[in-house]
Amino acid sequence: MTERTITATAGVPTPGFPARADTRHAVSALFVDLGEYRGERWVRPPHARFECLLCRTAEGPVHGADAVTAFNAGIRTAHQRRCTALQENHS
């Protein structure tokens, strides 16, 4: 009989074993409030902000339906280019 040793490294999948629950973690958060529209006007306009948990910065908030739509469409990509924590880890 042959003895078999399996070494698991955090975050690296090991064949035959389920992924560990702690291998995934949030690195950013996008907060969006859709606001409140009554009748013909905004009672509370929509607003959004983005927070990076790696570099501890926040972007926004932006206010208004058009501004929130544009912000949501590109903030993750735009922040990845500026994030100092990501630049340090990928250099």
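Each remark here, short or long, concerns the structure printed above.
Residues numbered from 1 in each chain as written. Predicted model: local features only at pLDDT ≥ 70, side-chain atom pairs only at ≥ 80, totals over all residues. Heavy atoms only, no water.

J.: How should I be thinking about the overall build of the protein in this particular structure?
T.: When its secondary structure is counted, the protein shows 2 helices and 5 strands. Burial statistics for the protein: of 91 residues in total, 16% are counted as buried. (Helix = DSSP H or I, 4+ residues; strand = E, 2+ residues; numbered from the N terminus. Buried < 20%, exposed > 50% of the residue type's maximum accessible area, 1.4 Å probe, protein only.)

J.: Looking at this model, I keep getting lost on helix H1 (residues 65-82). Mind explaining?
T.: The periodicity of an α-helix, 3.6 residues per turn, causes residues three or four places apart in sequence to face the same way. Between its first and last C-alpha atoms H1 spans 25 Å; for 18 residues at 1.5 Å apiece the expected length is 26 Å, and the two agree. Its axis deflected by about 50 degrees at Ile75, H1 carries its strongest bend there. Among all positions of H1, only Val68, Phe71, Ile75, Ala78 and His79 are buried. Buried residues in H1 make contact with strand E1 (28-33), strand E4 (47-52) and strand E5 (57-63). (Expected span 1.5 Å × (residues − 1). Bend = angle between axes of the 7 residues up to and from the residue. Contact = heavy atoms within 4.5 Å.)

J.: What is the right way to read the pairing of E4 from this model?
T.: Regular strands show a simple pattern: their side chains alternate between the two faces of the sheet. Going residue by residue along E4, you find Ala48, Phe50 and Cys52 tucked away on one face and His47, Arg49 and Glu51 left uncovered on the opposite face. Bridge count between E1 and E4: 6 bridges; the pairing is antiparallel. Bridged to Ser28 within E4 is Cys52. Where E4 lies against E5, 5 bridges are found, and the strand directions are antiparallel. Within the sheet, the bridge partner assigned to Cys52 lies in E5 and is Thr57. If you look at the hairpin formed by E4 and E5, you'll find 4 residues sitting between the two strands, and Arg56 has a positive phi there, around 60 degrees. (Pairing = 2+ DSSP bridges.)

J.: Whenever I open this one, the pattern of salt bridges confuses me. Can you help?
T.: Once their charged atoms are close, side chains differing in charge can pair, the charge on each being opposite to the other. Across all of its chains, the model carries 5 salt bridges by this definition. With a closest N to O distance of 3.5 Å, Glu36 and Arg44 form a salt bridge. Close ionic contact of Arg49 with Glu51 constitutes a salt bridge, the shortest N to O distance being 2.9 Å. By relative accessible area, Arg49 is classed as partly exposed at 33%. Among the ionic contacts, a cluster of salt bridges with common partners joins Asp33, Glu36, Arg38 and Arg44. (Salt bridge = Lys/Arg side-chain N within 4 Å of Asp/Glu carboxyl O.)

J.: I tried to follow the nonpolar core on my own but got confused; where do I start?
T.: When a protein is soluble and globular, its nonpolar side chains tend to lie buried together. Counting 10 residues, the largest nonpolar core is built from Ala48, Phe50, Cys52, Cys55, Val62, Val68, Phe71, Ile75, Cys83 and Ala85. Looking at this core, the elements that each hand over two or more residues are E4 and H1. Setting aside residues no more than four positions away along its own chain, Val68 makes contact with Val32, Pro46, His47, Ala48 and Val62. (Core = buried A, V, L, I, M, F, W, Y, C linked by side-chain atoms within 4.5 Å.)

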